[in-house]
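Report on the structure
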Amino acid sequence: MEFTLQSRQSIIINLSNLRQVKQLKKFGILYYVSKSMKYAVLYTDRELAQKACGAIGKLSSVKSAEISPRADLKMNFDDDETAEFKRTNED
């Protein structure tokens, strides 16, 4: 049995009330819930993210659900050769 790493996608969910937060657990791993700002972060498989986001958006306690673009963003900024500004000795 070989372990394979699955790619995950995060979904940001804006909630109108926190009563039905437990329902979100069936769509993936509920990572964080903010009680004061009424939002939740949920992780699910990348292949199922679009389908899960649509189903989450239809719940009665959810204002909006959107897929986080963090996985698509470039996180390594040091190797950027096309940068307009080059590093100098003062940096």
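The structure displayed is predicted, hence computed values, not measured ones.

**What about the overall build of the chain?**
Helix and strand counts for the chain stand at one helix and four strands. Start at the N end of the chain and walk to the C end: the helices and strands fall as β-β-β-α-β. Scored against the burial criterion, the 91 residues of the chain give a buried share of 25%. Accessible surface computed for the chain: about 7700 Å², of which carbon and sulfur atoms make up 51%.

**Focus on the pattern of salt bridges**
By the definition in use, this model includes two salt bridges. Ionic pairing is found between D45 and R8, a salt bridge with its closest N-O pair at 3.2 Å. Of this pair, D45 sits in strand β3 (residues 39-45) while R8 sits in strand β1 (residues 8-15), placing them 37 residues apart in sequence. Residue D45 is classed as buried on the basis of its relative accessible area of 19%. One salt bridge in this structure joins D72 and R46, with 3.9 Å as the shortest N-O distance. Residue D72 is found in the segment after β4 (62-67), and its partner R46 is found in the loop between β3 and α1 (49-57); the two are separated by 26 residues along the sequence. Under the relative-accessibility criterion, D72 is labelled exposed at 61%.

**Examining the packing of aromatic side chains**
Using the criterion set out here, one finds two aromatic pairs in the structure. Ring centres of Y31 and Y43 lie 5.5 Å apart, and the angle between their planes is 90°; this geometry places the pair in the edge-to-face category. With Y31 in strand β2 (residues 29-34) and Y43 in strand β3, this pair connects stretches of sequence that are twelve residues apart. Using a relative accessible area of 30% as the deciding quantity, one classes Y43 as partly exposed.

**Side note on the nonpolar core**
Among the nonpolar cores identified, the biggest contains 14 residues, and I11, I13, L24 and I56 are the most heavily contacted of them. Mapped by element, the contributors of at least two residues to this core are β1, β3, α1 and β4. Apart from the residues lying within four places of it in its own chain, the contact partners of I56 are I11, I13, L24, F27, L42, V62 and A65.

**Observations concerning unusual backbone geometry**
Look at K38: it is not a glycine, yet its phi comes out positive at around 55°. Along the chain, the position of K38 falls in the loop between β2 and β3.

**Focus on α1**
Every buried residue of α1 is accounted for by A49, A52, C53 and I56. Along the axis of α1, the buried positions cluster into a sector of 105°, meaning they face one direction only. Across α1 from its buried face, at more than 90 degrees, point the exposed residues Q50 and K51. Where α1 is buried, its residues meet β1, β3 and β4.

Conventions we followed
Residues numbered from 1 in each chain as written. Predicted model: local features only at pLDDT ≥ 70, side-chain atom pairs only at ≥ 80, totals over all residues. Heavy atoms only, no water. Helix = DSSP H or I, 4+ residues; strand = E, 2+ residues; numbered from the N terminus. Buried < 20%, exposed > 50% of the residue type's maximum accessible area, 1.4 Å probe, protein only. Areas by Shrake-Rupley, 256 points an atom, 1.4 Å probe, with all protein chains shown as cover. Salt bridge = Lys/Arg side-chain N within 4 Å of Asp/Glu carboxyl O. Phe/Tyr/Trp six-rings, centres within 6.5 Å; stacked < 30°, edge-to-face > 60°. Core = buried A, V, L, I, M, F, W, Y, C linked by side-chain atoms within 4.5 Å. Contact = heavy atoms within 4.5 Å. Arc of directions from axis to C-beta.

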